[in-house]
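Summary of the model geometry
In case you want the letters, here they are:
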Amino acid sequence: MFAWTKKDLLSLYDLSAEEINHILDTAAEFKKVSERRVKKVPALRGKTVVNFFVEPSTRTRASFELAEKRLSADIINISASTSSLTKGETLLDTAKNIEALQADIIVMRHSAAGAHNFLSNKLKCSIVNAGDGAHSHPTQALLDIFTILEKKGSVEGLNVSIIGDIIHSRVARSNIWGLLKLGANVTIAGPSTLISREFEKIGVRVCDNFREAVENADVVNLLRIQHERQKASYFPSINEYANIFGLNENSVKYLNKDALVMHPGPINRGVELASSIADGSQSVILEQVTNGIAVRMAVLYLVAGAL
Ligand code: CP
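This structure is a prediction, so every number in the text was calculated from the model and none was measured.

Turning our attention to the packing of helix α5 (residues 138-152) against helix α10 (residues 285-305). Where α5 contacts α10, the two axes come as close as 8 Å, and the packing angle between them is 115°. Between α5 and α10 the crossing geometry is right-handed. Of α10, the residues touching α5 (which contributes Thr 139, Gln 140, Leu 142, Leu 143, Asp 144, Phe 146, Thr 147, Glu 150 and Lys 151) are Glu 287, Gln 288, Asn 291, Gly 292, Val 295, Arg 296 and Val 299.

Quick look at the structure:
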């Protein structure tokens with residue numbers, strides 16, 4: 001019987017394949033709860049969870065809140081714009097005050113890579129990473145892998161291609177760490193200014209040709225161009241990017257008919273992904289969103305048990 005011991009979820013880089021599989025197995029059990037008429041269990045009754053989002057979010061924030069409600073936790077939501085961060089309070093002071101309010105778990109999104117690791121060493125409560133800068137977004141990668149498992153039965157030996165703005169993407173990094181640990185073959189592709197040969201050192205195939213990257217792929221995960229993290233112009237124009245690296249009516253012919261089309265959201269329709277493909281039969285994008293609830297229930301349940 002596997003025993004979960006980590007009080008925090010910071011990054012998939014820190015987890016073993018066994019730990020990742022344990023989260024996914026637990027999520028499969030919680031997915032059954034989400035399919036019941038009464039979608040609620042008392043697993044976190046008496047626990048307090050604070051959702052502290054210092055960067056914008058639609059999916060992750062709503063999904064964590066639903067997961068917490070389905071686990072019967074008490075919840076507080078704090079946004080950067082309405083918090084005392086705007087008055088000059090430090091992140092550590094804000095977090096210590098949240099802990100002093102007897103929070104058991106802080107779910108945080110922050111623009112600074114490493115913000116969660118910093119707090120994890122200073123606080124006794126659990127820290128769950130809902131995205132830190134371009135570094136890590138572990139629950140997104142877990143829900144992506146959970147969706148692949150549901151559709152393909154196994155991750156080991158699958159060819160997974162991640163296309164787009166890799167160097168600014170916490171989703172890409174987290175998927176790479178998780179997928180490699182579970183035995184997938186990972187390819188990344190994008191304009192040469194948005195990919196890095198450094199990933200070859202950890203066993204990733206790096207490609208600057210869309211067709212080469214997606215032919216033979218079992219899964220194609222398209223990423224948004226992260227303009228908010230870019231300090232320079234990385235390619236001549238959005239139109240050129242869409243023509244060369246976008247998945248559209250023209251380029252979809254290079255995909256296997258049974259390849260899954262994934263996207264973490266938000267989609268820039270007509271740029272990395274045409275609407276007809278995003279809403280088409282190969283797309284599992286909304287299933288990814290639904291699976292996020294079960295995956296986040298599993299993470300919250302496991303870290304709470306380790307406190
Ligand atoms: N995928 C994702 O993190 O989406 P949000 O930014 O809407 O949370």
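This brings us to the site of the ligand. Around the ligand, the neighbouring residues are Ser 57, Thr 58, Arg 59, Thr 60, Arg 109, His 137, Gln 140, Pro 264 and Gly 265. The separation between an oxygen atom of the ligand and a polar main-chain atom of Arg 59 is 3.0 Å. About the coverage of the ligand: the protein hides 91% of its 260 Å² of free accessible area. Put simply, the ligand lies in the largest pocket. Counting the residues that make up the shell around the ligand, at least three belong to each of domain 1 (12-135 + 292-305) and domain 2 (138-288).

Right, let's get into the nonpolar core. The tendency in soluble globular proteins is for nonpolar side chains to be buried as a group. Core analysis: the largest hydrophobic core is formed by 61 residues, its most contacted members being Ile 23, Ile 105, Val 107, Leu 142 and Ile 162. Both domain 1 (12-135 + 292-305) and domain 2 (138-288) contribute no fewer than three residues apiece to this core. Filtering out sequence-adjacent residues up to four positions away, Ile 105 remains in contact with Leu 44, Thr 48, Val 49, Val 50, Ser 126, Val 128, Leu 300, Val 303 and Ala 304. The next biggest cluster of nonpolar side chains, apart from the first, holds 24 residues, and it includes Ile 163, Tyr 241, Val 261 and Leu 273.

A few words on the environment of Arg 211. Mapped onto the elements of the fold, Arg 211 is located in helix α7 (residues 210-214). Put simply, Arg 211 and Ala 112 are 99 residues apart on the chain and 34 Å apart in space, counted from C-alpha to C-alpha. Reaching out from Arg 211, the side chain makes a polar contact with the side chain of Glu 215 at a distance of 2.8 Å.

Our next topic: empty space enclosed by the protein. Following the criterion strictly, the structure yields one cavity of 30 Å³ or more and no others. Reported here for the largest cavity is a volume of approximately 80 Å³. Along its surface, the largest cavity is lined by 13 residues, and Arg 59, Gln 140, Leu 143, Gln 288 and Val 289 are the ones closest to its centre. Breaking the lining of the largest cavity down by element, the ones donating at least two residues are α2 (59-70), α5 and α10. Ranked by residues supplied to the lining of the largest cavity, first place goes to α10 with five residues.

What follows deals with the domain arrangement of the protein. Partitioning the protein into domains gives domain 1 (12-135 + 292-305) and domain 2 (138-288). Between domain 1 and domain 2, the C-alpha centre-to-centre distance is 25 Å. On the side of domain 2, 25 residues touch domain 1, which itself brings 27 residues to the contact. With both chains or domains summed, domain 1 and domain 2 bury close to 2200 Å², and 64% of this area falls on carbon and sulfur atoms. Ranking the residues of domain 1 by area buried against domain 2 places Leu 12, Leu 24 and Ala 134 at the top, with a combined share of 28%.

In this structure, the largest pocket encloses a volume near 390 Å³. Arg 109, Arg 170, Arg 224, Gly 265 and Pro 266 are, among the 21 residues lining the largest pocket, the residues nearest its centre. Contributions of two or more residues to the lining of the largest pocket are made by α2 and α6 (170-181). Looking at which domains feed residues into the lining of the largest pocket, each of domain 1 (12-135 + 292-305) and domain 2 (138-288) gives three or more.

Take the sheet that holds strand β2 (residues 74-79) next. Reading across the sheet, the four strands line up as β2-β1-β3-β4 and stay open at both edges, with parallel pairing between neighbours. Edge positions in the sheet fall to β2 and β4 (126-132), since each has one partner strand and no second. Between one strand axis and the next, the sheet turns by 15° as a mean value, whatever way the strands run. Pairing of strand β1 (residues 48-53) with β2, which is carried by six bridges, proceeds in the parallel orientation. Across the sheet, residue Asn 51 finds its bridge partner in β2, namely Asn 77.

Parameters at a glance
- Residues numbered from 1 in each chain as written.
- Predicted model: local features only at pLDDT ≥ 70, side-chain atom pairs only at ≥ 80, totals over all residues.
- Heavy atoms only, no water.
- Axes fitted to C-alpha atoms, helices over the stretch in contact; angles between N-to-C directions.
- Helix = DSSP H or I, 4+ residues; strand = E, 2+ residues; numbered from the N terminus.
- Left-handed = near helix turned anticlockwise from the far one by under 90°.
- Contact = heavy atoms within 4.5 Å.
- Near = heavy atom within 4 Å.
- Polar contact = N/O pair within 3.5 Å; in protein donor to acceptor, adjacent residues only side chain to side chain.
- Areas by Shrake-Rupley, 256 points an atom, 1.4 Å probe, with all protein chains shown as cover.
- 1 Å grid on protein atoms, 1.4 Å probe; cavity = no way out; pocket = protein on both sides within 12 Å on 5 of 7 lines; lining within 4 Å.
- Sits in = over half its atoms within 2 Å of the grid points.
- Domains from an automatic or database assignment.
- Core = buried A, V, L, I, M, F, W, Y, C linked by side-chain atoms within 4.5 Å.
- Buried < 20%, exposed > 50% of the residue type's maximum accessible area, 1.4 Å probe, protein only.
- Points joined across faces, edges and corners; volume = space filled by probe spheres on them.
- Buried area = accessible area lost by both parts, 1.4 Å probe.
- Pairing = 2+ DSSP bridges.

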